[in-house]
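Residue-level structural notes
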Amino acid sequence: MAKSRTYNRKKILFVFAGFLILLLALIGRLVFLMIFDAEYYQEKAERLHEREREIKAARGEIVDANGVVLAANKTVCTVSVIHSQIADETQVTQVLTKELELEEAWVRERVEKISSMEKIKTNVDKEVGDRIREYNLPGVKVDEDYKRYYPYNELASKVLGFTGGDNQGIIGLEVKYEDDLKGINGSILTMTDARGVELDEKAEDRIEPEAGNTLQISLDYNIQSYVQQAAEQVREQKQADSVSILMMNPQDGSILAMVNVPEFNLNEPFDLGATGTDPAAQMTEEERQDALNQMWRNGCINDTYEPGSTFKIITSSACLEEGVVKLEDTFSCPGYAIVEDRKIRCHKVGGHGSETFVQGLQNSCNPVFINIGLRLGASRFYDYFKQFGLLGLTNVDLPGEAGTIMHRREDIGLVELATMTFGQSFQITPIQMATTVSSIINGGRRVTPHLGVRVLDAEGKAVRTFDYDETDNIVSKETSQTMRTLLESVVAEGSGKNAAIEGYRIGGKTATSETLPRSQNKYISSFIGFAPADDPQVLALILIHNPQGVYYGGTIAAPVVRDIFDNVLPYLGVEKGD
Amino acid sequence: MTGGQKKHGWDATLFTVILLLVVIGLVILYSSSAYNGQVKFQDRFYYLKKQGFAAFVGILGMCIVAKIDYHFWRPFAISGYGLAMLLSTAVLFVGDEYNGSKRWLSFGPVSFQPSEYAKVAVIVFLAYLISKIAEKKFSGGGGGRSEIKLRFLLTAMVSVLPIVALVGSNNLSTAIIILGIAVILIFVASPAYRQFIWMCVAGAGFMTIFLALESYRLERLAIWKNPEKYEKGYQTLQGLYAIGSGGLFGTGLGNSVQKLGFLPEAQNDMIFSIICEELGLVGTILIVLLFLILIWRFFSIASHTRDYFGSLLVTGVMGHMMIQILLNIAVVTNTIPNTGITLPFISYGGTSIVFLLLEMGLVLSVSSLIE
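Residues numbered from 1 in each chain as written. Chains lettered and ligands numbered in written order. Predicted model: local features only at pLDDT ≥ 70, side-chain atom pairs only at ≥ 80, totals over all residues.

At the junction of the two partners, chain A supplies 36 residues and chain B supplies 46 residues. In terms of residue count, the dominant contributor to the side of chain A that touches chain B is helix H1 (residues 6–36) of chain A (19 residues). Across the side of chain A that touches chain B, the residue classes break down as 24 nonpolar, 4 polar and 8 charged. (Contact = placed C-beta atoms within 7 Å. Helix = DSSP H or I, 4+ residues; strand = E, 2+ residues; numbered from the N terminus. Nonpolar A, V, L, I, M, F, W, Y, C, P; charged D, E, K, R; others polar.)

Attention shifts here to the packing of helix H12 (residues 312–322) of chain A against helix H18 (residues 477–493) of chain A. All names here are of chain A. Look at H12 against H18: their axes get within 10 Å of each other, and the N-to-C directions meet at 140 degrees. Between H12 and H18, the crossing angle belongs to the class labelled oblique. The handedness of the crossing between H12 and H18 comes out as right-handed. Within the contact between the two elements, H12 uses Ile313, Ser316, Ser317, Leu320 and Glu321 and H18 uses Thr479, Thr482, Met483, Leu486 and Leu487. (Axes fitted to C-alpha atoms, helices over the stretch in contact; angles between N-to-C directions. Parallel < 35°, antiparallel > 145°, perpendicular 65-115°, else oblique. Left-handed = near helix turned anticlockwise from the far one by under 90°.)

Bringing the packing of helix H1 (residues 12–41) of chain B against helix H12 (residues 350–368) of chain B into the picture now. All names here are of chain B. In the contact formed by H1 and H12, the axes pass within 10 Å of each other and the chain directions differ by 165 degrees. By the criterion of interaxial angle, the relationship of H1 to H12 is roughly antiparallel. The crossing of H1 and H12 is left-handed. Contacts between H1 and H12 involve Leu14, Phe15 and Ile18 from the first element and Met360, Val363, Leu364 and Ser367 from the second. When grouped by side-chain class, the residues that make up the contact of H1 with H12 number 6 nonpolar, 1 polar and no charged.

What follows deals with the environment of Ser187(A). All names here are of chain A. By the secondary structure assignment, serine 187 is in strand S6 (residues 186–191). Classification of serine 187 by C-beta neighbours within 10 Å gives partly exposed; the count is 15. Here the alpha-carbon distance between serine 187 and isoleucine 207, two residues 20 residues apart in the chain, equals 5.1 Å. (Buried ≥ 20, exposed ≤ 12 C-beta atoms within 10 Å, placed from the backbone.)

Moving on to the pairing of strand S10 (residues 255–261) of chain A. All names here are of chain A. Within S10, 7 of the 7 residues are buried, leaving the element largely enclosed by the surrounding structure. Relative to S10, strand S9 (residues 242–248) runs antiparallel, the two sharing 6 bridges. Each residue of the ladder has a partner; that of methionine 248, found in S10, is isoleucine 255. Linking two consecutive strands that pair antiparallel, namely S9 and S10, is a turn of 6 residues; a positive phi of about 85 degrees is found at glycine 253 within it. (Pairing = 2+ DSSP bridges.)

Most peptide bonds take the trans configuration, and most residues that are not glycine carry a negative phi. A cis amide bond links Val261(A) with the next residue in sequence, Pro262(A), at an omega value of 0 degrees. Relative to the elements of secondary structure, Pro262(A) occurs in the loop between S10 and helix H10 (285–296). Note the cis peptide between Leu516(A) and Pro517(A), where omega equals -10 degrees. With respect to the helices and strands, the residue Pro517(A) is situated in the loop between strand S17 (507–514) and strand S18 (523–531). A positive phi angle, close to 55 degrees, is found at Asn334(B), a residue other than glycine. In this structure Asn334(B) comes out as buried when scored by C-beta crowding, with 21 C-beta atoms within 10 Å. With a phi close to 70 degrees, Phe345(B) is a non-glycine residue in the positive phi region. Here Phe345(B) shows up in the loop between helix H11 (308–332) and H12. Taking the C-beta count within 10 Å as the criterion, Phe345(B) has 30 such neighbours and is therefore assigned buried.

Following this line, the structure appears as structure tokens:
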């Protein structure tokens, strides 16, 4: 039998030594990987293992002037199933079908689907979510989430606006004050396995969300609801397309109510409901979106109209300020005025006959205004138009304010000038109208209409109080004083008498504008009123779009404002005089 | 034949290290396979049960083999080698496919990987063949030293090529191991050094041509250099993530995240990376140390056995273990391109652990007969 020899042992030693060297080299490689490269690979691995789940921050509330919550948050749940963790498919299907009131087949399909996580239902009420949680079913996940909630459904819908699925503002104040309201989302970092299933035993990194701040607005819930009711009432009575009512404090521009009926339900902003006469299913996506945009439009801000006779306030102010007319000046109205080759009619076919300027305003007599407008001249008229702020935007704190549609200065001929004096041939927004009149009657300070008052933190402490620009002396105090007196006389003795309330000094002006195209015979009846006439605290503008039957502003619009003032003035603490 | 040798106990250190490795192997296997077992078979213990059973059978076999004088196997060396050839041929035709490779033969409920058996068969066969040649040389004399060497090298090398080709046709890694075992045995048996340098050069040249022939092999090289850029580098990369995540002390036994589906089949070839992740550098080095002790015992037994056949047997087993340990760690650390080589005693594989333990039985048997 062969014996192992010395060289064999040397060779074995050689092999062993070779192994040892290679093994040491590999250990060196390990040290390199596990000590020096560790951070690099750890980071990569962690990124691979971690799933970030966002925790939505609670959106700040919107509260009215008295702290009534107009936009709040509701805790809702999202119910999902994780297939791999489900123990009993039949039970899960049964429970979810029952609790979520869904089709059993539909639920079963999702429960049996092999996926990392399957959403069953979102926006589930917290109570239902809690009930499902109590079943303690493995594989069923109930995640809590915030959803915007509007306690008063339709109240001020076009002002407040609503938020989308990601809690981001879509229209209205929700968009304008997005940065204040939105808060900062938090996140949960969880470790998962390769299928995305969370590992229970691994620590979660949690970054807490920061709730958004509360926005306090000047809108008053009580006034807004009352005004909304009044608007709905008149819309129904007059079978009108829509009614817009704007109420503001003419002294500082703060908006007390802004109603555009029909309003829509903020909790169901995508439900066209009765607005869409066509069944929604038959609409194309584009038509549907158009219908929604139409439904969401804030008529006070997004739409322009010819102000009609209410604009005579502005013409009067300009002419008085310029001194081209005095209150005692007398005019003669034959029922029309001839400007160049045009015969422009007064609304009173037979004419008002001989009248003073004051009477001309009370009668809303077009020839009087054509006359004084021509005295002022196109260029000066344009200057005042600009001086009053009518060319620009009001800068109200709502998105999508429409601009003024106006002739260019060089294009204003006598006919254009004549029609402009009584509020035709150009268009402005209702908010622009209300703001300009506010500025004329408040002593001549152009105010910025606004809703936002202050931003409050969670403890109710003011984080930020908004300041708004004012421009002084757009008219003199004297002219302002004169206008207040004149407009009070319009209500006391003239075309605005339907707005008069025993014991209150109310100023105002009516208007009936025919919408374009004129051939359709559609009208906007409007009235702008303020009280008390000597020291205006509240100004209201009402627009009734396309009323059926009688369409005169003095007949149908003025009584609405009277009714509102009758209720709102005592509420605001404005006392009746003698 | 056995005159002058007297029985004494097994090499106690070796025996202890083997048992330690088997137990530690099972613990690590359970840790890395529980998730996969749960996902695939709804049984966390699925892989542990199968491996545990195989380990039990293996230890039983090891003890029996260790009790038997290893010379008992000499007469079976040639027929055993023939059987390996037969089984390796059979697997090509009637083998079961798993993960795209035909490597298993089924006998009823038991499936069996012929290539694992082939390694043992080759070790016994070469030990027999070389010792036989050596005997002839000593008994018959004749010819100069160089003549013997040449014949010696050629016969031994040529005799294993058929099995290398057979196994290599569907399992390149095992073929490389078998070839490696043959080279080590011949190297140890031959007094020469220089020829082996030439052999290494020739081998390297052969490998280059071999790799260049098939573009997918070159692709492996590209993946090796830059695993992050290739989809197929996924496994390698996941292994590196696991290793890197381990740091100095690891995440703790059972706490690997990479085994949760990120590293595919964590219980197989890449199990070493899970060891790194869970036990850290310190734990990993301790396990490598166990392997080192194992190899050291082989070295010691091989050097102290006067009997040439016995010494060659142990050297073969030692070569086998060395190659698998080195290649496995090198692959997992992306030191060399990826090729499927399991980590002895720890990676999942029933056939592998049974035959590894039988090999250990042979070594223990040799150790008990050292003079």
